[in-house]
Amino acid sequence: MSVVGSRPHGLLWVGVLLFSCLSGCATGIPPTGEPGCPVVPVASQLLGDEANLRAQIEIRSHGKRVGFDIVARAHQDQLIVVGLSPTGARLFAVRQIDRDFQVEPTPSPMLRHVALWVVDALYRSHWIEPASAVQADTVRDTEWAGETLRESRSGDRRRREFIRTDPAPAVVGVTINYSPPPATDRSGRIEIQNEWCGYDASIVILDEEGPAKHDTKPEGGSR
């Protein structure tokens, strides 16, 4: 059973939901390469074993949704993120070299969008971190590749926003809320709303090598 929502088993479920989205979702989806979509990543050669993880994710866009497993591995100055169906079949693969994303050929443009949304969601929620931890009941702003990363904590709740201030007025494009971990071995739930790319996502990290600590100093935030 998925921890991001119940779902039928098998590749057919993924295929039907994903490809039925082609006619209803393709219109109005921001093209990749637009500012903020996807995020400017950490250079792949700066990633280590802490980028390795397994997770479950659900992506929602234009009234459609699809859920699957993801596996991320950093190896030899590259990052590879793979989407897997409930049966283990590969849905897509994204290879990052330096700061460039390369999506393996997919059956549809929509699937390519989903693949890039996944890496965008992982970076914004997990792999980009402030230089120092934000203390409880405080708010801190740092810069990342022309965006303001606003991090706040209130009790056991954590929230972050990515804000673009140029051109004015300031616009919040991405909002992320972190739920506290349940009384199990699983991580807490991460909820993402990305207005710039046009998707919402729910993520539960199942396994990882260690905490990602790639801070927002200029070296990590420039192309």
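Okay, so let's go over this structure. From a predicted model like this one, the values you see are computed outputs, not experimental measurements.

Moving on: helix H2 (residues 109-127). The first and last C-alpha atoms of H2 sit 26 Å apart over 19 residues, in line with the 27 Å expected at 1.5 Å per residue. Counting buried positions along H2 yields 17 of 19 residues, so the element is predominantly enclosed.

Glancing now at unusual backbone geometry. In terms of backbone geometry, most residues other than glycine have negative phi values and most peptide bonds are trans. Although it is not a glycine, Gln76 sits at a positive phi angle of roughly 50 degrees. Tracing the chain through its elements places Gln76 in the loop between strand S2 (64-75) and strand S3 (78-84). Using a relative accessible area of 65% as the deciding quantity, one classes Gln76 as exposed. The backbone of Asp98 shows a phi angle near 55 degrees, a positive value even though the residue is not glycine. By the secondary structure assignment, Asp98 is in the loop between strand S4 (90-97) and strand S5 (100-103).

Take the state of the cysteines next. According to the stated counting rule, one finds 1 disulfide in the structure shown. With its sulfur 2.3 Å from that of its partner, Cys37 forms a disulfide with Cys197. Taking the sign of the torsion about the S-S bond as the criterion, the disulfide between Cys37 and Cys197, at about 125 degrees, is right-handed. With a gap of 160 residues between them, Cys37 in the loop between helix H1 (11-25) and strand S1 (53-61) and Cys197 in the loop between strand S10 (189-194) and strand S11 (199-208) connect regions that are remote in the sequence. Comparing Cys37 with Cys197, the two get one shared label, buried.

Right, let's talk about the packing of aromatic side chains for a bit. Under the definition given, this model contains 4 aromatic pairs. Relative to Tyr123, the ring of Phe101 has its centre 6.4 Å away and its plane inclined at 55 degrees; by these criteria the two rings are tilted. Separated by 22 residues along the polypeptide, Phe101 in strand S5 and Tyr123 in helix H2 bring together distant segments of the chain. Overall, Tyr123 belongs to the buried group, its relative accessible area being 0%.

Turning our eyes to something else, we now look at the side chain of Glu191. With respect to the helices and strands, Glu191 occurs in strand S10. A distance of 2.3 Å separates the side chain of Glu191 from the side chain of Arg189, its partner in a polar contact. When sequence neighbours within four positions are dropped, the list of residues in contact with Glu191 reads Arg60, Thr175, Ile176, Asn177, Ala201 and Ser202.

What counts and how
- Residues numbered from 1 in each chain as written.
- Predicted model: local features only at pLDDT ≥ 70, side-chain atom pairs only at ≥ 80, totals over all residues.
- Heavy atoms only, no water.
- Helix = DSSP H or I, 4+ residues; strand = E, 2+ residues; numbered from the N terminus.
- Expected span 1.5 Å × (residues − 1).
- Buried < 20%, exposed > 50% of the residue type's maximum accessible area, 1.4 Å probe, protein only.
- Disulfide = S-S within 2.5 Å.
- Phe/Tyr/Trp six-rings, centres within 6.5 Å; stacked < 30°, edge-to-face > 60°.
- Polar contact = N/O pair within 3.5 Å; in protein donor to acceptor, adjacent residues only side chain to side chain.
- Contact = heavy atoms within 4.5 Å.

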